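Here is what each chain is made of, one letter per residue.
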Amino acid sequence: MNTMIKVVSVLCFVVLNLSLLGVSAEHGLRHHYYYKKCPLAEAIIANMMKDIVRDDPRVPPRLIRMHFHDCFVRGCDASVLLNSTPNNKAEKDAGPNLSLKAFDVIDKIKGVLEYHCPGVVSCADILTYATRESVHLSGKFPRYDVRGGRKDGIISLEADALTQLPPPFADVNQLIQGFAQKGLTAEEMVTLSGAHTIGVSQCSSISGRHVNFQNTGKPDPTLDFHLAATLRKECKSDNSIVVMDRFTPGVTDNKYYHGLLQNKGLFTSDQTLLTNFVTKKEVLQNAYQPSVWAEKFIRAMIKMGEIEVLTGKQGQIRKKCSSVNYKKY
């Protein structure tokens, strides 16, 4: 009996200490994951990102979008970074990902970390940490804590990206269902949609809302008349670039939701958030309570960054983020 009590006591002690260390029993991630093998990893990424963003403010929205596209396809395993091979067309070359940029940023950070700590920091973690810095540097957000320990996937398929990424023409029900499949609620979906407050898009993603919506010959009636006219001037071709937020396109803030209330959502998947009671309620709260949205956005970004992660002996730590290691590394 005493032995049983001692065993239970030890187990409780271990569980308590794992909890204090930030270890997730669910998926094996933990805070300060690299403090032994590469203690300066997060600091190196933070310092590099500060310099990179200072020189090119377009980087934060590019990495935030890349992180989303990575996590929604096979989980946050850096599969979106893999190049296609003669025998396989990778996610990177799928239609929705052709406009992704800043792969060079991840490669640059990976190169420095490989110099300091060879074979230690995964590309999946680098992308997650760099995204955290992107949120911090592009808005009035603290550098929130992110767990590490993700491993890199070895599979990247064009077909997965085509079927798992929500398209810009999705309606609210499709969005709710798609996010639910990734373990995210309707409220979190609306919160994460706020990432459209920063960055740009190609005109092809507007799906003709500004000029010939659903082959009606007229603009989408849910699109602000003046914005539609502006887009007709700006969209000289499908490859033309337009900002997603007409208020503060270079800042991560809650102005995106103000735009929705004025029918200035760029995509169908934006404006559709007003067509459902639950999602509209979230839009209103996010528009008029910016501090509440900021807190929710951080929580949702952390949760998204832990979707279907590979940990432990799963996956690998790539030497180069664009290719799988075929030899032991």
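Above this text is the structure in question.
Residues numbered from 1 in each chain as written. Predicted model: local features only at pLDDT ≥ 70, side-chain atom pairs only at ≥ 80, totals over all residues. Heavy atoms only, no water.

### Some thoughts on the overall build of the protein
Thinking step 1. Within the protein, the secondary structure is distributed over 13 helices and two strands.
Thinking step 2. Along the first, second and third principal axes, the C-alpha set of the protein runs to 75 × 50 × 35 Å.
Thinking step 3. Out of the 329 residues belonging to the protein, those deemed buried represent 49%.
Thinking step 4. Taking the contacts inside the protein whose residues are at least 6 apart along the sequence as the reference set, 72% of them involve residues at least 24 apart.
Thinking step 5. Approximately 16,700 Å² of the protein is accessible, and the part contributed by carbon and sulfur atoms is 57%.
Thinking step 6. Positive and negative side-chain charges of the protein, numbering 41 and 32 respectively, have mean locations separated by a distance of 3 Å. (Helix = DSSP H or I, 4+ residues; strand = E, 2+ residues; numbered from the N terminus. Buried < 20%, exposed > 50% of the residue type's maximum accessible area, 1.4 Å probe, protein only. Contact = heavy atoms within 4.5 Å. Areas by Shrake-Rupley, 256 points an atom, 1.4 Å probe, with all protein chains shown as cover. Lys, Arg positive; Asp, Glu negative; His and termini not counted. Charge placed at Lys NZ, Arg CZ, Asp CG, Glu CD.)

### Some thoughts on the side chain of Gln271
Thinking step 1. Among the secondary structure elements, Gln271 is positioned in helix H11 (residues 268-271).
Thinking step 2. At 3.1 Å, the side chain of Gln271 and the side chain of Asn263 are in polar contact. (Polar contact = N/O pair within 3.5 Å; in protein donor to acceptor, adjacent residues only side chain to side chain.)

### Describing the state of the cysteines
Thinking step 1. Inspection of every chain in the model, using the stated rule, returns four disulfides.
Thinking step 2. Cys71 shares a disulfide with Cys76; S-S distance 2.0 Å. Because the sign of the S-S torsion sets the handedness, a value of about 120 degrees for the bond joining Cys71 and Cys76 places this disulfide among the right-handed ones. Each member of the pair Cys71 and Cys76 is classed as buried.
Thinking step 3. Bridging Cys203 to Cys235, the disulfide has an S-S length of 2.0 Å. Between Cys203 and Cys235, the disulfide has an S-S torsion of -80 degrees and is therefore left-handed. Taken as a pair, Cys203 in the loop between strand E1 (200-202) and helix H9 (225-234) and Cys235 in the loop between H9 and strand E2 (241-243) lie far apart in primary sequence, 32 residues in all. Cys235 carries the same exposure label as Cys203, and that label is buried.
Thinking step 4. Disulfide partners in the protein, listed by the sequence order of the bonded cysteines, are 1-4, 2-3, 5-8, 6-7. (Disulfide = S-S within 2.5 Å.)

### A short note on the environment of Phe179
Thinking step 1. Within the element layout of this structure, Phe179 appears in helix H7 (residues 172-180).
Thinking step 2. Those residues in contact with Phe179 that sit more than four places away from it in its chain are Phe68, Phe72, Pro166, Leu184, Met189 and Leu192.

### Overview of the packing of aromatic side chains
Thinking step 1. Within the structure shown, the criterion is met by nine aromatic pairs.
Thinking step 2. A centroid spacing of 5.8 Å and a plane angle of 50 degrees characterise the contact between Phe141 and Phe297, whose relative ring orientation is tilted. Of the two residues, Phe141 is situated in the loop between helix H5 (123-138) and helix H6 (158-164) and Phe297 in helix H13 (residues 290-304); the sequence distance between them amounts to 156 residues. Phe297 matches Phe141 in its accessibility class, with the two residues each being buried.
Thinking step 3. Aromatic pair Tyr256 and Tyr257: ring centres 5.0 Å apart, planes at 80 degrees, arrangement edge-to-face. Exposure class is identical for Tyr256 and Tyr257. Each is buried.
Thinking step 4. An aromatic cluster of three or more residues is present, and its members are Phe141, Tyr256, Tyr257, Trp293 and Phe297.
Thinking step 5. In this structure, Lys92 packs its charged tip against the face of Phe103, placed 4.4 Å from the ring centre. (Phe/Tyr/Trp six-rings, centres within 6.5 Å; stacked < 30°, edge-to-face > 60°. Lys NZ or Arg CZ within 6 Å of the ring centre and 35° of its normal.)

### Side note on the side chain of Ser240
Thinking step 1. Tracing the chain through its elements places Ser240 in the loop between H9 and E2.
Thinking step 2. At 3.0 Å, the side chain of Ser240 forms a polar contact with the backbone nitrogen of Ser237.

### Remarks on the environment of Gln174
Thinking step 1. Following the sequence through the fold, Gln174 ends up in helix H7.
Thinking step 2. Along the sequence, Gln174 and Lys303 sit 129 residues apart, while their C-alpha atoms lie 20 Å from each other.

### Let's talk about the pattern of salt bridges
Thinking step 1. Inspection of every chain in the model, using the stated rule, returns 16 salt bridges.
Thinking step 2. The residue Asp125 makes a salt bridge to Arg150 at a minimum N-O spacing of 2.6 Å. Here Asp125 is found in helix H5, whereas its partner Arg150 is found in the loop between H5 and H6, with 25 residues between them in sequence.
Thinking step 3. Exposure remark for Asp125: the relative accessible area of 0% places this residue in the buried category.
Thinking step 4. The class of Arg150 is buried, set by a relative accessible area of 1%.
Thinking step 5. A salt bridge links Glu234 to Arg246, with the shortest nitrogen-to-oxygen separation between them at 2.7 Å. Taken together, the residues span a long stretch of sequence, with Glu234 in helix H9 and Arg246 in the loop between E2 and helix H10 (255-261) at a distance of twelve residues.
Thinking step 6. Overall, the relative accessible area of 31% leaves Glu234 in the partly exposed class.
Thinking step 7. What emerges from the salt-bridge pattern is a single network uniting Glu42, Arg132, Glu133 and Arg143. (Salt bridge = Lys/Arg side-chain N within 4 Å of Asp/Glu carboxyl O.)

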